Amino acid sequence: MKKKTILAGLALLPAAAVSAAALRTALTPAKKSEYVPAPEEDRALELAGKLSEMVQCDTTSYANVAEPEKFLAFHRVLERLFPLVHHHLEKTVIDGNLLFRWPGKDSESPIVLMSHQDVVPAEGEWVHPPFSGDIADGKVWGRGSGDTKASLMAFFQAAEELLSEGYVPAHDVYLASSCTEEWAGDGAPKLVAELKRRGVKPFLVCDEGGGIITDPIGGVKGNYAMVGVFEKGKADVRFTARSTGGHSSAPGKNTPIARLAAFVNEVETASPFRKKLLPEVAAMFSRLSPYAPFGLRLVMGNLWLFGPVVKRVMPAVSAQAAAMLQTTIAFTMQSGSDACNVIPQEATVCANLRFIPHQGEAESLAIIRALAEKHGLEMEVLRSSDYTEPVDIHGDAFRQVERVIAETFPGLPSCPYVVTGATDASFYQAICPSCIRFAPVIYGPEQMKGMHGLNENIGYDCLPGAVEFYKNLIRAQEDR
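Overview of the structure. Being a predicted model, the structure only gives us computed values, none of them experimental.

Attention shifts here to the pairing of strand 7 (residues 204-214). Where burial is concerned, most of strand 7 is hidden: ten out of the eleven residues are buried. Judged from the three bridges that link them, strand 3 (residues 106-114) and strand 7 form a sheet pairing that is parallel. For Val 112, the partnering residue across the bridge sits in strand 7 and is Val 205. In terms of strand pairing, strand 7 meets strand 16 (residues 435-443) through six bridges, oriented parallel. Its bridge partner lying in strand 16, Ile 213 is registered against Tyr 443. Relative to strand 8 (residues 223-231), strand 7 runs antiparallel, the two sharing four bridges. If you follow Ile 212 over to strand 8, its bridge partner there is Ala 225.

Have a look at this one:
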């Protein structure tokens, strides 16, 4: 957090309270996350080879385009790489979407391990071709290496290794993978419908969304297990301004583009959405505070006093952290006339909203609609879905995941995390209250930038730990 920003916030608070908080912070030992993967070069390279083969299979998905052969080819790769899984587990294929059931000693309260098989299109000039699966510079390169074939490989490999030992899980284990996640298609809903048909009610679903994130907030350095506990909702909305048009040589007042610009400026200048520190977000800041420099530790570790300061200054410090405090809106597309000298009869701007639980879909859309009407705009909701209910961070499922993280990655701090994107896990909320978003691989700044961008890659040194995480999570079912 920028020093001037902190000082400006502190100036608004009672001096005695600030002094007490500062003393408390000074007496609290500072911590440092020093977790890095243990060196296991031979094993890491073996796993990198499997991931490489999976990346080489192009599984790009496009909205509402059925390409079953593409995914059936990928299934053949999985069958060759993980023969025991395919021999011992019950396999179901629904329009390219995969579901495996590993029968346990008890079929009640199973766990579901999931990660999607489809990837987004790979455009632009890449250092390593996007479907090369090149292994170079300590990384596996290519589209899907991080999002999310690494975790897909890891839980298939975990099952493969446990099966080779003759292991039988205490409860049923399901391995699930949709082929439409990247465009929020009907793949995961079809898998959930099948589980509903079977009467399956999972104890735990573990999907992507969080992960082992390097430098998760400005000033907090090192690796941290950011465990996603809910997703924000989302909507695509179009705003339209109309007029009679005309020639640009004699413009009237409040033309369509001017009204749209005024609307966008008002929203961008003063967000109409309310900021709030949800319990899950407060827990995240509290857990991270010992690892921050003093000024940030003072604020994050004393939210009883500095909660209002955090809400005030966080948008200036970290866009990612700020998005956890409120509904957000991002303007993404616009259109007007086809000529520079023509005032449009119709101009539009589109936006993407992400809803927070304390101001969900209905309220957030009503707020932005009222502002649009103030500027004489029409608003059309193109698609919309609300936030998912938060996982109980004091419940058995969340605590079990944290115990497994501590067992698998000694010294790795963990904390709850708000997923500002969207995952297939949201569909599983209908059958499981504990849908946790955590992929046990390391996403540094380079990996975060490469997801849905150029030169996607994953460091292969984190792959052995990812496999061990899933093995430990499966074995942890013996303790409940």
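What follows covers the state of the cysteines. Under the criterion given, the structure shown has zero disulfides. This cysteine, Cys 415, is not joined by any disulfide, and Cys 206 carries the nearest cysteine sulfur, 15 Å off. With no disulfide of its own, Cys 462 has Cys 206 as its nearest cysteine by sulfur position, at a separation of 15 Å. The buried category is assigned to Cys 462, whose relative accessible area is 5%.

All right, on to the nonpolar core then. Judged by nonpolar contacts, the single largest core of 105 residues is most densely connected at Leu 113, Leu 175, Phe 285 and Phe 469. Broken down by element, the residue count for this core peaks at ten residues, all from helix 6 (residues 145-164). Non-local contacts of Leu 175, meaning those with residues more than four positions away in its chain, are made with Val 85, Leu 89, Leu 98, Leu 99, Phe 100, Leu 113, Phe 155, Phe 156 and Ala 159. Listed in part, the 20 residues of the second largest apolar core include Ala 235, Leu 260, Val 267 and Ala 372.

A word on the sheet that holds strand 17 (residues 457-459). An order of 4-5-17 is seen for the three strands of this open sheet, with the pairing classed as antiparallel. Edge positions in the sheet fall to strand 4 (135-136) and strand 17, since each of these pairs with one other strand and no more. In the sheet, strand 5 (residues 139-141) pairs with strand 17 via three bridges, with the strands oriented antiparallel. Along strand 17, the bridge assignment pairs Trp 141 with Asn 457. The strands touched by helix 3 (residues 41-56) are strand 4, strand 5 and strand 17; relative to strand 5, the strand with the most contacts, the crossing angle is about 10°.

Turning to the layout of surface pockets, a few remarks are in order. Of the voids in this model, the second largest pocket is the one considered here, and its volume is about 310 Å³. Contributing to the lining of the second largest pocket are 15 residues, with Ser 271, Gln 326, Thr 327, Thr 328 and Ile 329 lying nearest its centre. Of all the secondary-structure elements, those providing two or more residues to the lining of the second largest pocket are helix 8 (256-269) and strand 11 (328-335). If one sorts the elements of the lining of the second largest pocket by residue count, helix 8 sits on top with three residues. When its residues are assigned to classes, the lining of the second largest pocket shows eight nonpolar, five polar and two charged.

Moving on: the packing of helix 8 against helix 13 (residues 361-374). One way to put it is that helix 8 packs onto helix 13 with a least axis distance of 9 Å and a crossing angle of 140°. Taken together, the axes of helix 8 and helix 13 are oblique relative to one another. At the point where helix 8 passes helix 13, the crossing takes the right-handed sense. On helix 13, the residues touching Phe 263, Glu 266 and Val 267 of helix 8 are Ile 368, Leu 371, Ala 372 and Lys 374. Tallied by class, residues from the contact of helix 8 with helix 13 come to five nonpolar, no polar and two charged.

For the structure shown, the criterion picks out one cavity of 30 Å³ or more. Reported here for the largest cavity is a volume of approximately 40 Å³. Along the walls of the largest cavity sit Met 114, Ser 115, His 116, Ala 176, Ser 177, Ser 178, Glu 181, Leu 191, Asp 207, Asp 424 and Tyr 428, which together make up its complete lining.

Now for the packing of aromatic side chains. By the definition in use, this model includes 13 aromatic pairs. Ring centres of Tyr 35 and Phe 409 lie 5.7 Å apart, and the angle between their planes is 80°; on these two criteria the pair is classed as edge-to-face. You can see Tyr 35 sitting in the loop between helix 2 (15-27) and helix 3 and its partner Phe 409 sitting in the loop between helix 14 (396-408) and strand 15 (414-419), a full 374 residues away along the chain. A single burial state applies to Tyr 35 and to Phe 409, both of which are buried. On the numbers, 5.4 Å between centres and 25° between planes, the contact of Phe 82 with Phe 156 is stacked. Of this pair, Phe 82 sits in the loop between helix 4 (68-81) and helix 5 (83-88) while Phe 156 sits in helix 6, and the two are 74 residues apart along the sequence. Accessibility expressed as a relative area gives 0% for Phe 82, which makes it buried. Connected via pairs of aromatic rings, a cluster forms that spans Tyr 35, Phe 82, Phe 100, Phe 155, Phe 156, Phe 409, Phe 438, Phe 469 and Tyr 470.

What counts and how
Residues numbered from 1 in each chain as written. Predicted model: local features only at pLDDT ≥ 70, side-chain atom pairs only at ≥ 80, totals over all residues. Heavy atoms only, no water. Buried < 20%, exposed > 50% of the residue type's maximum accessible area, 1.4 Å probe, protein only. Helix = DSSP H or I, 4+ residues; strand = E, 2+ residues; numbered from the N terminus. Pairing = 2+ DSSP bridges. Disulfide = S-S within 2.5 Å. Core = buried A, V, L, I, M, F, W, Y, C linked by side-chain atoms within 4.5 Å. Contact = heavy atoms within 4.5 Å. Axes fitted to C-alpha atoms, helices over the stretch in contact; angles between N-to-C directions. 1 Å grid on protein atoms, 1.4 Å probe; cavity = no way out; pocket = protein on both sides within 12 Å on 5 of 7 lines; lining within 4 Å. Points joined across faces, edges and corners; volume = space filled by probe spheres on them. Nonpolar A, V, L, I, M, F, W, Y, C, P; charged D, E, K, R; others polar. Parallel < 35°, antiparallel > 145°, perpendicular 65-115°, else oblique. Left-handed = near helix turned anticlockwise from the far one by under 90°. Phe/Tyr/Trp six-rings, centres within 6.5 Å; stacked < 30°, edge-to-face > 60°.

The analysis is restricted to geometry; functional conclusions fall outside its scope.
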